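Structural description and commentary
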Amino acid sequence: MRILLVDDEQELVETLAERLSIRRIEARWATTGDAAMKFLEQESFDLAVLDVKLPGISGIDLHRKMKAKYPDLKFIFMTGHGSQDDYAAGSAETGKDYYLLKPVNIEKLMDKMKKLMGR
Amino acid sequence: MKGANMNRQLDIEMETGLRFFGKMTASISHEIKNVMAIINETAGLLEDYSLMAEKGMPIDPTRLKIVSERVSGQIKRANGIAKNLNNLAHSVDEFNKSVDLGEALALAVGLAQRLADMRSVTLELQPPSDFPTVITSPFHLQNLIWQMLDFAMDISGDAKVIGLTLGTATGSVEIRFTGLEGLKDPPETEFPTKRETSLLEMLGATINQDVKAGEMHLVLPRDVHQQLTDNG
């Protein structure tokens, strides 16, 4: 399984990617929507984990952009906010099961990933 | 001011103040959540390392040093966030006090930093050559600087860099917002609106726009109480 983590907090995605690699899941990370799109152009991924709030483009808009170009890619949202509006927007995009609040429990994240990938 | 007008003015001031407070505290809470998320992942990574060590896998000490530095860095960041929140909270303690404008501007930039990052705008605070103080309302000053920054971010053009500098003149002090490539005459967006006008009146301040230079200047009296008394 190849994962793309997208969050403007570099230390968060960097650490999460290392923790996933310890669990034998290959993860790359990006801190902007543009960098994430470049990754998708160059490499193939099964799943993208997106922060709802990103600089320049919202996670929701980035999700739509990615989904239009890569229809097979699966998605999980994570957010630090947890406001009703964000929850409504995020869960409407991916379903409430795939909308996680920060701090994210890695085992829970892994469960969601496996469920999404049908493993 | 007549009764109905005064009530309307008070409504605008109260709503503007509450919205500003809400916007800042929501942004701060998001940032705190991010710090907690990083510390949480870092603690998890340490746990992973210890499990690996228990299984006899060697852990590079350099990795441990990086992880430790990461936690220290985030604690330092959280301290800065808490300091800004505390300063904002205490800005309502007194509505007429001596304010160090250099510190006030640093606080305004600190509070707006994350919101600017979200809009891919860089805020460049120039170190002041002197440290002017004004007697004013610290909370309303913060609110007005934010309203101006919010507008400035919309008109920062392709460069998306806003410079902030302090200048002094006899009896007044200026905060200059530079890099406003999208500043137009006549303006495309109404500014200042009733909200900013209300704050300007309260602070005895004015906003001057230099469209050619792409600058806005917030001119503050040295003593708002004196200014308002002089103006009757």
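In this text the structure is predicted, and so the values were computed from the model without any measurement. The numbers attached to residues start from 1 for each chain and follow its sequence in the written order. By the order in which they are written, chains take letters starting at A while ligands take numbers starting at 1. Totals for whole chains, interfaces and linings use every residue, but because this is a predicted model, local features are given only for residues with pLDDT of at least 70 and side-chain atom pairs only at 80 or more, for both listing and counting.

**A look at the overall build of chain B**
The numbering of helices and of strands both runs from the N terminus, where a helix is a DSSP run of H or I of at least 4 residues and a strand a run of E of at least 2. In terms of helices and strands, chain B carries six helices and seven strands. Its helices and strands taken in sequence order, chain B reads α-α-β-α-β-β-α-β-β-α-β-β-α from the N to the C terminus. Each radius of gyration is computed over the set of C-alpha atoms, and the globule rule expresses the reference value as 2.2 Å times the number of residues to the power 0.38. In terms of overall dimensions, chain B is more spread out than a globule: its C-alpha atoms have a radius of gyration of 22 Å, far above the 17 Å expected for 232 residues. Exposure classification rests on a simple neighbour count of other C-beta atoms within 10 Å of a residue's own: a residue reaching 20 or more is buried, one at 12 or fewer is exposed, and one in between is partly exposed. C-beta atoms are placed from the backbone. Taking all 232 residues of chain B together, 30% fall into the buried category. C-beta atoms are placed from the backbone for every residue, and two residues are taken to be in contact when these atoms lie within 7 Å. The long-range share in chain B, meaning contacts at least 24 apart out of those at least 6 apart in sequence, stands at 76%.

**So, the sheet that holds strand S4 (residues 161-169) of chain B**
Residue and element names in this part refer to chain B. The pairing criterion for strands is at least two bridges between them, as found by DSSP. Spatial ordering of the open sheet is given by S2-S4-S5-S7-S6, a layout of five strands whose pairing is mixed. Strands with a single pairing partner mark the edges of an open sheet, and in this sheet they are strand S2 (122-125) and strand S6 (206-210). Between one strand and the next, the sheet's axes are offset by a mean angle of 20 degrees, whatever the strand orientation. Pairing of strand S5 (residues 172-178) with strand S7 (residues 215-221), which is carried by six bridges, proceeds in the antiparallel orientation. Counterpart to Glu174 in the pairing with S7 is Val219. Here the axes come from fitting lines to C-alpha atoms, over the contacting stretch only for helices, and the angles between their N-to-C directions go from 0 to 180 degrees.

**Digging into the packing of helix H3 (residues 101-118) of chain B against helix H4 (residues 138-154) of chain B**
All names here are of chain B. Between H3 and H4, the least distance of the axes is 10 Å, while the angle of their chain directions is 45 degrees. When the axes of H3 and H4 are compared, the pair comes out oblique. Classified by chirality, the crossing of H4 by H3 is right-handed. Packed against H3, whose contacting residues are Ala104, Leu107, Ala108, Ala112 and Ala116, the element H4 presents Pro138, Leu141, Gln142, Ile145, Trp146, Leu149 and Met153 at the interface. Roughly parallel means an angle under 35 degrees; roughly antiparallel, over 145; roughly perpendicular, 65 to 115; everything else is oblique. Each crossing is labelled by how the near helix is turned from the far one, with a counterclockwise turn of less than a right angle marking it left-handed and a clockwise turn marking it right-handed.

**Things to note about the domain arrangement of chain B**
Residues and elements named next belong to chain B. Here the bounds of each domain stem from an automatic or database domain assignment. For chain B, the domain assignment lists domain 1 (3-90) and domain 2 (97-230). Domain 1 and domain 2 are separated by 26 Å when their C-alpha centres are compared. The interface is formed by 14 residues belonging to domain 1 together with 13 residues belonging to domain 2. In terms of residue count, the dominant contributor to the side of domain 1 that touches domain 2 is helix H1 (residues 3-54) (10 residues). Split into classes, the residues belonging to the side of domain 1 that touches domain 2 amount to four nonpolar, eight polar and two charged. Any residue that is not Ala, Val, Leu, Ile, Met, Phe, Trp, Tyr, Cys, Pro, Asp, Glu, Lys or Arg is counted as polar, Gly included; the first ten are nonpolar and the last four charged.

**Quick word on helix H1 (residues 10-22) of chain A**
Residue and element names in this part refer to chain A. Counted at 1.5 Å a residue, the expected span for H1 with its 13 residues is 18 Å, and the 18 Å between its end C-alpha atoms agrees. Where H1 is concerned, the buried positions are Glu11, Leu12, Val13, Glu14, Thr15, Leu16, Arg19 and Leu20. One or two positions beyond H1, positive phi appears at Arg24, with a value near 65 degrees. Here the expected length of a helix is defined as 1.5 Å per residue gap, with one fewer gap than residues.

**Some words on the environment of A:Met117**
All names here are of chain A. By secondary structure assignment, the location of Met117 is in the segment after helix H5 (106-116). Each C-alpha atom of the pair Met117 and Ile76 lies 11 Å from the other, and the pair is 41 residues apart in sequence. Non-local contacts of Met117, meaning those with residues more than four positions away in its chain, are made with Met1, Asp46, Leu47 and Lys74.

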